[in-house]
Amino acid sequence: MNKIVEKEQFSENVFKLVVEAPDVAVNRKAGHFVIIKLGEKGERIPLTIAGSDPERGTIDLVIQRVGVTSHKLTALNVGDTITDLVGPLGQATHIEKVGTVLAACGGVGTAPMLPIIEALKKAGNRIITVLAARTKELIILEDQMRQFSDEVIVMTDDGSYGTKGLVTKGMEDVINREKVDKSFVIGPAIMMKFAALTTKKYNIPTEASLNTIMVDGTGMCGACRITVGGKTKFVCVDGPEFDAHQVNFDEMLMRLGAYKDEEVRAFEAYLNN
Amino acid sequence: MENITDYYKSERAQDWRTEIRKSVKVKERTSMERTKMPEQEPTVRNKNSLEVNLGLVEKIALKEAQRCIDCPDPTCVKGCPVSIYIPKFIKKIEIGDFLGAATVLKETNTLPAVCGRVCPQEKQCEAQCFYTIKLNQPPVAIGYLERFAADYERNSGKTAIPEVAKPNGIKVASIGSGPASLAWSADMVKMGYDVTVFEALHEIGGVLKYGIPEFRLPNSIVDFEIDNLEKMGVKFVKNFVVGKTATIDDLRAKGFKAFFVGSGAGLPRFMNIPGENSIGIFSSNEYLTRVNLMGAAKEDHDTPVIIGKNVAVIGGGNTAMDSVRTAKRLGAERAMIIYRRSREEMPARLEEVHHAIDEEIEFLNLNNPVSYIADDKGRVQKMLVQKMELGEPDASGRRRPIPIEGSEYEIEVDEVVVAVGVSPNPLIPATVAGLETTKWGTIVVNDDLQSSVEDIFAGGDIVRGGATVILAMGDGRKAAAAMDKYITEKIKK
Ligand SMILES: Cc1cc2nc3c(=O)[nH]c(=O)nc-3n(C[C@H](O)[C@H](O)[C@H](O)COP(=O)(O)OP(=O)(O)OC[C@H]3O[C@@H](n4cnc5c(N)ncnc54)[C@H](O)[C@@H]3O)c2cc1C
Ligand SMILES: Cc1cc2nc3c(=O)[nH]c(=O)nc-3n(C[C@H](O)[C@H](O)[C@H](O)COP(=O)(O)OP(=O)(O)OC[C@H]3O[C@@H](n4cnc5c(N)ncnc54)[C@H](O)[C@@H]3O)c2cc1C
Ligand code: SF4
Ligand code: SF4
Ligand code: FES
């Protein structure tokens, strides 16, 4: 049982929860995630650890509501508990000083990016962040991202905030302007696919953090498997970060849709009661 | 124990044993027929998740117990990996002392209700029974009787919580909560240790919970045993991945003096053939975990699972049988086993194979998948299968399957479960400096089940690769004894 000690709403569908998890708070590093489960009948879902306070024994989760479990989770309030929480899982981000890093975030991909740029910044890198979303309300964590970025470029599809255009345009503007040594891309699979194609054109080493479907998160089931460089990998133990130029994003997009019908049905049932 | 033969002799010479032995003539005993296990009707049970075997009633158990002739040299015991004193417990049943029978079982077996159900008896105790080796008759139904006595005790409400020694305040921990760790924890807590079991998942029990289905081993039976361990003082910590949530070093710093690694062989193997990542193709671990651990087939649970119409399960072991029978229960019209060798070579328990046949599972033996074909949404639609023939025996003694060129044909499938084996969980070896492993990733241990790091012992599937429940439990007990010796010599002084 892990108690929720703080809750904040970032936008219509994005929330931050601060949760008690002392062991996780001490041992987690950038790139790690947890798996949570609500109630006896709940499902297990992965969430990135966006930050932590080891002294207080808490971790930060930033959650975008998409289906049943994320709705149930964000409906909880301060004082409520999460039935099961396990972590930190996955491989930590490889942090080193490379020079200039271009961090491209799509939508809720900003949350997992935050601890990564924090660590990269502390390692002495220059950080240029592109925050992209469909529309102004979906741009989240802007202040926190600014804290660890040398520059933040905001892009919205509809031009309601920042520059109008897709994340890839923001990225190319930077790449055409100055030398970029490494890129990190996190967001919806389709966004990562195109972001990876963009950096590939310019031969910039790129890491993507993959958000596949998971069950156990400990390497036991293979639900999270994807193809990287022609080999099957398990995102939960081999990742979640991989060389974006090697990832088969088309396969990943396909696998993400595995339970689409079931999810839609479950969500409708959830809304109706 | 003093000389085991002397022990058997003196036990067997006790009055009650002699008396019951003499009460029925040997001839009469050996002319009785082996009891059949009452079971749910195949066409009923293949639509529900209730236990297939219903268990023996007292009268029948007594009769089956009579078949055992109480051999002076009980060869059956040699077939049991934990040397249950089989004739003694069976004779206790024959005199109607069912609780006494359960006590005999628990002398060497922590989870008799589990083993009575899932042991491959036909390869172990029953394979060595006098009836099998000398009379060429069906063996005494040792497994059924073991289950009977254990169930009787559980249902009687008189389960004795074993006595535990005065707490010695020494902290020890296991990694994983499968049968190996459960058996280890029972012995350690009895010796007075402060025992903590760390489990990565949100449920205790390992494969007993997430793997073996309800229709073979109801969770309530496992939970009952876990409750008893808790009453004895074992602490269970769920949602704790040793190596991630905390390392063994962190735990040492918290005062743990020795560790038992029972982390199992949980990593699924795939065949790495084209199309294997299509939607609808699962590892057996994923499929069984979704259904057993997450309740995916139940309407009110949040985890989804694909319900297939034409389901192919690849493999011939217990895991494959459990998967294919689960698929049938979830409504598959065609539930098929695809196995590259013949039926005789299948490693599954014999009873499961028979049950599967009765439940209208199709067996496509001497067949092997070569690739999968998906529809435009990426969902598996067909599989290409190649026919096989058997060649010379290989290292395992089984005849090697050889593909028949040009024999490929297609089968329509909308769900596939890959059950071709598992590998050891690499997390502990990867996070403990100096821990020696084999090239297969299993932990290297000496005869005391001690690893190359002196305060770390290991047993069960992480040492053996995929093995059995009873072997895992035997390891847990052996490691407990050795750990106690290690602590007494190294630390207590
Ligand atoms: C390593 C990892 C880290 C993650 N970190 C975070 C995080 O920090 N914050 C966060 O909000 N989410 C994160 N996710 C995604 C999160 O796990 C899913 O959003 C969640 O499982 C959805 O569960 P649900 O029951 O609410 O929705 P579901 O009912 O499972 O899905 C509802 C709808 O959303 C779509 N969907 C489901 N999962 C995803 C996905 N991963 N990406 C895009 N669409 C999806 C489905 O196709 C469906 O249409 C992470 C995923 C992984 C693998
Ligand atoms: C579907 C199926 C059917 C089977 N049927 C039979 C049968 O009929 N008869 C039979 O005898 N055998 C059967 N077996 C085999 C038997 O279940 C195993 O041999 C036995 O469970 C091994 O026990 P174990 O204690 O070594 O490990 P497991 O039961 O595998 O338990 C290991 C536990 O450790 C946990 N763990 C792993 N790493 C960590 C970590 N780092 N930190 C914390 N926890 C961790 C895992 O989550 C797991 O719960 C079957 C196996 C399967 C999969
Ligand atoms: S534990 Fe298994 S092998 Fe031993 S007697 Fe019981 S059923 Fe037979
Ligand atoms: S070998 Fe068979 S008959 Fe003899 S004691 Fe064992 S179970 Fe009884
Ligand atoms: S989520 Fe099960 S193996 Fe990765």
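Rules of the game
- Residues numbered from 1 in each chain as written.
- Chains lettered and ligands numbered in written order.
- Predicted model: local features only at pLDDT ≥ 70, side-chain atom pairs only at ≥ 80, totals over all residues.
- Heavy atoms only, no water.
- Patch = residues over 30% accessible without salt bridge, like charges linked within 9 Å, V, L, I, M, F, W, Y side chains within 5 Å.
- Areas by Shrake-Rupley, 256 points an atom, 1.4 Å probe, with all protein chains shown as cover.
- Salt bridge = Lys/Arg side-chain N within 4 Å of Asp/Glu carboxyl O.
- Helix = DSSP H or I, 4+ residues; strand = E, 2+ residues; numbered from the N terminus.
- Buried < 20%, exposed > 50% of the residue type's maximum accessible area, 1.4 Å probe, protein only.
- Contact = heavy atoms within 4.5 Å.
- Polar contact = N/O pair within 3.5 Å; in protein donor to acceptor, adjacent residues only side chain to side chain.
- Nonpolar A, V, L, I, M, F, W, Y, C, P; charged D, E, K, R; others polar.
- Arc of directions from axis to C-beta.
- Phe/Tyr/Trp six-rings, centres within 6.5 Å; stacked < 30°, edge-to-face > 60°.
- Near = heavy atom within 4 Å.

What to know about a nonpolar patch on the surface
Residues and elements named next belong to chain A.
Phase 1 of the analysis: Judged by side-chain polarity, Ile190, Phe194, Leu197 and Leu253 come together as a nonpolar surface patch covering roughly 340 Å² of accessible area.
Phase 2 of the analysis: With respect to the helices and strands, leucine 197 occurs in helix H6 (residues 189-201).
Phase 3 of the analysis: Residue class for leucine 197 comes out partly exposed when judged on its relative accessible area of 45%.

Here we look at the interface of chain A and chain B
Phase 1 of the analysis: In this complex, chain A contributes 41 residues to the contact, which on the side of chain B involves 39 residues.
Phase 2 of the analysis: There are three salt bridges connecting chain A and chain B.
Phase 3 of the analysis: Viewed at the interface, chain B and chain A are joined by 18 residue pairs in polar contact (both at pLDDT 80 or more).
Phase 4 of the analysis: Mapped onto the side of chain A that touches chain B, the elements with two or more residues apiece are helix H1 (22-27), helix H2 (68-75), strand S8 (84-89), strand S15 (225-228), strand S16 (231-234) and helix H8 (249-256) of chain A.
Phase 5 of the analysis: Per-element tally for the side of chain A that touches chain B: the top contributor is S8(A), with six residues.
Phase 6 of the analysis: Each residue belonging to the side of chain A that touches chain B can be placed in one class, and the counts come to 15 nonpolar, 13 polar and 13 charged.

Let's talk about the pattern of salt bridges
Residue and element names in this part refer to chain B.
Phase 1 of the analysis: By the definition in use, this model includes 54 salt bridges over all chains.
Phase 2 of the analysis: Here aspartate 194 makes a salt bridge to lysine 235, at a shortest N to O gap of 2.6 Å. With aspartate 194 in strand S2 (residues 194-198) and lysine 235 in strand S3 (residues 235-237), this residue pair connects regions lying 41 residues apart in the sequence.
Phase 3 of the analysis: Given the relative accessible area of 23%, aspartate 194 is considered partly exposed.
Phase 4 of the analysis: For arginine 349, the salt bridge identified is with glutamate 352, shortest N-O distance 2.4 Å.

A few points about helix H5 (residues 58-67) of chain B
Residues and elements named next belong to chain B.
Phase 1 of the analysis: Buried within H5 we find Ala61, Glu64, Ala65 and Arg67. One face of H5 carries all of its buried residues, which in axial projection span an arc of 145°. Exposed residues lying more than 90 degrees from the buried face of H5 are Lys59 and Lys63.
Phase 2 of the analysis: Summarising the contacts, the buried residues of H5 are in contact with helix H3 (26-30), helix H7 (86-94), helix H10 (130-135) and helix H11 (142-156).

Digging into the packing of aromatic side chains
Each aromatic ring pair is described using two quantities: the centre-to-centre distance and the angle formed by the ring planes.
Residue and element names in this part refer to chain B.
Phase 1 of the analysis: Under the criterion given, the structure shown has 13 aromatic pairs over all chains.
Phase 2 of the analysis: Aromatic pair phenylalanine 98 and tyrosine 152: ring centres 4.9 Å apart, planes at 70°, arrangement edge-to-face. With phenylalanine 98 in helix H8 (residues 98-108) and tyrosine 152 in helix H11, the pair connects residues that are 54 residues apart, well separated along the chain.
Phase 3 of the analysis: Among the residues examined, phenylalanine 98 registers a relative accessible area of 5% and is labelled buried.
Phase 4 of the analysis: With a centroid separation of 5.8 Å and an interplanar angle of 65°, the aromatic rings of phenylalanine 457 and tyrosine 486 are classed as edge-to-face. Placement of the pair is phenylalanine 457 in strand S16 (residues 456-458) and tyrosine 486 in helix H21 (residues 469-492), with a sequence separation of 29 residues.
Phase 5 of the analysis: Using a relative accessible area of 1% as the deciding quantity, one classes phenylalanine 457 as buried.
Phase 6 of the analysis: Here the aromatic residues Phe198, Phe240, Phe256 and Phe259 are joined through ring pairs into a cluster of three or more.

Here's the deal with the site of ligand 3
Phase 1 of the analysis: Of all residues adjacent to ligand 3, which total 13 residues, the nearest are B:Cys80, B:Cys119, B:Gln124, B:Cys125 and B:Glu146.
Phase 2 of the analysis: Its residues assigned to classes, the shell around ligand 3 shows nine nonpolar, three polar and one charged.

Describing the site of ligand 1
Residue and element names in this part refer to chain A.
Phase 1 of the analysis: For ligand 1, the set of nearby residues contains 21 residues, the closest of which are Glu43, Pro46, Val62, Gln64 and Ser70.
Phase 2 of the analysis: Contact between ligand 1 and valine 62: a nitrogen atom at 2.7 Å from a main-chain N or O atom of the residue.
Phase 3 of the analysis: One of the backbone N or O atoms of threonine 69 is found 3.0 Å from an oxygen atom in ligand 1.
Phase 4 of the analysis: Taken by itself ligand 1 offers 910 Å² of open surface, and the protein chains cover 83% of this.
Phase 5 of the analysis: Those elements that place two or more of their residues in the shell around ligand 1 are strand S4 (44-48), strand S6 (58-64), H2 and helix H9 (260-271).
Phase 6 of the analysis: Considering every element that reaches the shell around ligand 1, the biggest residue donor is S4, with four residues.
Phase 7 of the analysis: Residues that form the shell around ligand 1 fall into these classes: 11 nonpolar, seven polar and three charged.

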